[in-house]
Amino acid sequence: MDITGRKLFVKALKEEGVDTIFAYPGGMITDIVDELYKTEGIRVVLGRHEQALVHEAEGYAKATGKTAVVLVTSGPGATNTITGIADAYYDSVPVVIFTGQVPLHLIGNDAFQEVDIVGMTRSITKYGVTVRDRKDLGKLIKMGFQIASTGKPGPVLIDIPKDIQTKPGNPDYPSNVDIRGYHPNETVHIGQLKKAYRLLKSAKRPLILAGGGIHTAKAEGKLQEFAEKMNIPVVTTIMGKGCMPVDSPMYVGNCGMHGRYAANKAVGECDVLFSIGTRFNDRITGDLNEFAPKAKIVHVDIASASISRNVVVDVPVTADASIALERLVEYAEPMETSAWRDKISGWEKEHPLTMPKSKAGICPQLICEGINQVFADANIVTDVGQHQMWATQFIDLHKGQKMITSGGLGTMGFGFPAALGAKIGCPEKPVVCVTGDGGFQMNMQEMATAMTEQIPVVICLFNNTYLGMVRQMQNLFYGKRYEITNLSAEDGNYYPDFMKWADSYNIKAIRVEKEEDIIAALEEARSNTNGPTLVEFIVSPEELVLPMVKSGTALGDMILKRN
């Protein structure tokens, strides 16, 4: 018996094991929404903005490892997702976005709320398609989930016209599809991997650079086993943070623009750099001509197009990080690296990662250390800005913890909705959102979602009354001309008063102005499991994220102290 497209849509989600949809209604998806109303077993989370929906889905996907689902209407509903889609694309997050569309006969006629969302997002999706025939609906949905979750994961957009949703057709949903031209690599070239291993074994100063691909491949344990078996120190990118637990003797820290002094020095002095799961973006490399100048470079990545695109490497290995590391663990034999590791330890002692006590406001390092103490088992979600960098510098991640952040696109407004998604995906895990007063205000409307869904996340808001990261650049490189970065009014008043704002949502809120109150505030926030808690920390706008490498300069040219 034939069924409508909307019934097949819901059937497909159930077959794919979808338990949560992040959705916002509108005219072109009312039929699907009505079908979901009749369906049990799928939680529909009503966000308050479509951009936030995608970030919530990203947080869910990163926390669970599952493909997340977003449902929005046509026109502005679809265009509002574009920033989130781009964020998911650059950070390889598996999300399937379903958009409603005007009926087929109206497409191309400038109908009300008609946009070519597939065309608009072509460069930031792995695959995008408008369903133009009811008989193709099941196959295209299956393709969407398959493409989003395999190979290098990423967002897929499926645009469903309204008449496709109501038209009857075949009730079957395929168990698999053969996608012509799409053959993600699921093997590793053993010859290349052995060549890479031999080069590593020949090194006197070997170094592993681990990126976010380790998390995507769920290869954290294998990386740790390989590094510790070989006695090779490990530095991470921002997206790779957490792939080595902080207490591992091989872990050095993050490298890059705001990396540790010792980590950046190690990149500059190593003789073999074994990189895995990173695309060598400019925040990690600095001046490409000066990146790892003394090293032979191995690059292991699932996407062959990423290899030698930014940094020309000596041994390319196209492979899933987990598969490659599984084989490397089999080969692994201890190396004598004590002198090299002692040298790295010496650099750490020479310039340890620390911040001076604040003359005004709370020292951000102490806030992060408080989070370490009270939330040693939590997933940490950050927004984008200075607070993000402080979190990556000073928050320690142990086995089982994740740091979820926006890396490739650097999207302000990501943190709070992503934290909600992470908590929905893993409700048993405490979730701390580290955000700034600027980024938080970009999606603070999602507090309504948090309250209606009763999502107990803890928001640690670093309030320095400025757009801090841009202000830092103005401080260091633009003669302290703080144009359009001061969020206060001309009379010095700051809007909003976050305590009053929190009261309007009926949430617990705590303002912390003294360092001795940090732990008590965090403990109080942790004890509130009935809903979200906002902890506002008053931070001086004069605080800087250091070390810092000016964009386009060599990693070795670090600014270590404020002027």
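For the structure given in this document, a descriptive report is provided here. For every chain, the first residue of the written sequence is number 1, and numbering continues from 1 along that sequence. Local features in this predicted model are restricted to residues whose pLDDT is 70 or higher, and side-chain atom pairs enter the listing and the counts only when it is 80 or higher, whereas totals over whole chains, interfaces and linings include all residues. With hydrogens and water stripped out, all remaining heavy atoms of the structure feed into the side-chain values.

### As for the environment of G151
Inference 1: Its location among the elements puts G151 in the loop between α7 (137-149) and β7 (155-161).
Inference 2: Expressed as a C-alpha distance, the spacing of G151 and I42, which sit 109 residues apart in the sequence, is 27 Å. Secondary structure elements are defined from DSSP: runs of H or I of at least 4 residues count as helices, runs of E of at least 2 residues count as strands, and each element is numbered from the N terminus.

### Observations concerning the nonpolar core
Inference 1: Formed by 50 residues in total, the largest nonpolar core has its most connected members in V70, F416, F440 and L534.
Inference 2: In this structure, L534 is in contact with I459, L461, F498, M499, W501, A502, I507, K508, A509 and I510, ignoring residues within four places of it in sequence.
Inference 3: Ranked by size, the runner-up nonpolar core spans 38 residues in total, among them A210, M244, Y251 and V329. To qualify as a nonpolar core, a set must consist of buried Ala, Val, Leu, Ile, Met, Phe, Trp, Tyr and Cys residues joined through side-chain atoms within 4.5 Å. Here the term buried applies to any residue with accessible area under 20% of the maximum for its type, exposed to any over 50%, and partly exposed to those in between, with areas from a 1.4 Å probe on protein chains only. Residues count as neighbours in contact if any of their non-hydrogen atoms are within 4.5 Å of one another.

### Some points on the side chain of Q472
Inference 1: Tracing the sequence through the fold places Q472 in helix α21 (residues 468-477).
Inference 2: When its relative accessible area of 1% is taken as the criterion, Q472 is described as buried.

### Details of the sheet that holds strand β15 (residues 379-382)
Inference 1: We treat two strands as partners when DSSP finds at least two bridges between them. The 6 strands are arranged β16-β15-β17-β18-β20-β19 in an open sheet whose pairing can be described as parallel. Taken across any chain shown, the strands that pair with only one partner, and hence form the sheet edges, are β16 (403-404) and β19 (508-512).
Inference 2: Bridging between strand β18 (residues 458-463) and strand β20 (residues 533-538) involves 6 bridges; their strand directions are parallel. If you follow N463 over to β20, its bridge partner there is I538.

### Re the pattern of salt bridges
Inference 1: The salt bridge criterion pairs a side-chain nitrogen of Lys or Arg with a carboxyl oxygen of Asp or Glu, the two atoms within 4 Å. For the structure shown, the criterion picks out 22 salt bridges.
Inference 2: E542 is the salt-bridge partner of R471, the closest N and O atoms lying 2.9 Å from each other. With R471 in helix α21 and E542 in the loop between β20 and β21 (548-549), the pair connects residues that are 71 residues apart, well separated along the chain.
Inference 3: Of the residues examined, R471 reaches a relative accessible area of 3% and is grouped as buried.
Inference 4: One salt-bridge network, held together by shared partners, links R6, K7, D31, D34, E35, K38 and K162.

### Some thoughts on the sheet that holds strand β4 (residues 68-72)
Inference 1: If you walk across this open sheet you meet the 6 strands as β3-β2-β4-β5-β7-β6, and the pairing is parallel. Both outer strands of the open sheet, β3 (43-46) and β6 (127-130), are each paired with one neighbouring strand and no more. The mean angle between the axes of side-by-side strands here comes to 20°, regardless of whether they run parallel or antiparallel.
Inference 2: Sheet topology note: the strand β5 (residues 95-101)/β7 ladder contains 7 bridges and is parallel. Following the sheet pairing, V95 is matched in β7 by P155. Each axis is a line fitted through C-alpha atoms, taken for helices only over the stretch in contact, and angles between the N-to-C directions span 0 to 180 degrees.

### Topic: the environment of M120
Inference 1: With respect to the helices, strands and loops of the structure, M120 is situated in helix α6 (residues 117-120).
Inference 2: Residue M120 is classed as partly exposed on the basis of its relative accessible area, which comes to 43%.
Inference 3: Placed 41 residues apart in sequence, M120 and T79 show a C-alpha to C-alpha distance of 8.3 Å.

### Some words on the environment of D383
Inference 1: Here D383 shows up in the loop between β15 and α17 (386-394).
Inference 2: Expressed as a C-alpha distance, the spacing of D383 and M412, which sit 29 residues apart in the sequence, is 6.0 Å.
Inference 3: What D383 contacts, discounting residues up to four positions off in sequence, is Q388, T405, T411, M412, G413, F414, G415, F416, V434, T435 and G439.
Inference 4: Pairing of N or O atoms within 3.5 Å defines a polar contact, subject to two protein rules: one partner must be a possible hydrogen donor and the other a possible acceptor, and residues neighboring in sequence count only if both atoms are side-chain atoms. Among the polar contacts made by the side chain of D383, one reaches the main-chain amide nitrogen of F414 at a distance of 3.3 Å.

### As for α7
Inference 1: Helix length check: α7 (13 residues) gives 19 Å between terminal C-alpha atoms against 18 Å at 1.5 Å per residue, within 8%.
Inference 2: For α7, the buried fraction is high: 10 of the 13 residues fall into the buried class.
Inference 3: Of the residues making up α7, those classed as buried are L137, G138, L140, I141, K142, M143, G144, F145, I147 and A148.
Inference 4: The elements touched by buried residues of α7 are α1 (5-15), β4, β5, β6, β7 and α8 (162-166). Here, expected helix span is obtained from the residue count minus one, scaled by 1.5 Å.

### Comments concerning the state of the cysteines
Inference 1: Counting rule for disulfides: a pair of cysteine sulfur atoms within 2.5 Å. Applying the stated rule across the entire model yields 0 disulfides.
Inference 2: Residue C255 stays outside any disulfide, its sulfur separated by 9.9 Å from that of C270, the closest cysteine.
Inference 3: Judged by its relative accessible area of 2%, C255 is buried.
Inference 4: Looking at the unpaired C433, the closest cysteine sulfur is the one in C460, lying at 8.1 Å.
Inference 5: By relative accessible area, C433 is classed as buried at 0%.

### Some points on the packing of aromatic side chains
Inference 1: Geometry of aromatic contacts follows a simple scheme: Phe, Tyr and Trp rings, the Trp one being its six-membered ring, pair when their centres are within 6.5 Å, and the pair is stacked under 30 degrees between planes, edge-to-face over 60, tilted otherwise. The full count for this structure, using the stated rule, is 16 aromatic pairs.
Inference 2: A centroid spacing of 6.4 Å and a plane angle of 45° characterise the contact between F98 and F145, whose relative ring orientation is tilted. Taken together, the residues span a long stretch of sequence, with F98 in strand β5 and F145 in helix α7 at a distance of 47 residues.
Inference 3: A residue is classified by how much of its surface remains accessible, and F98, at 1% relative accessible area, is buried.

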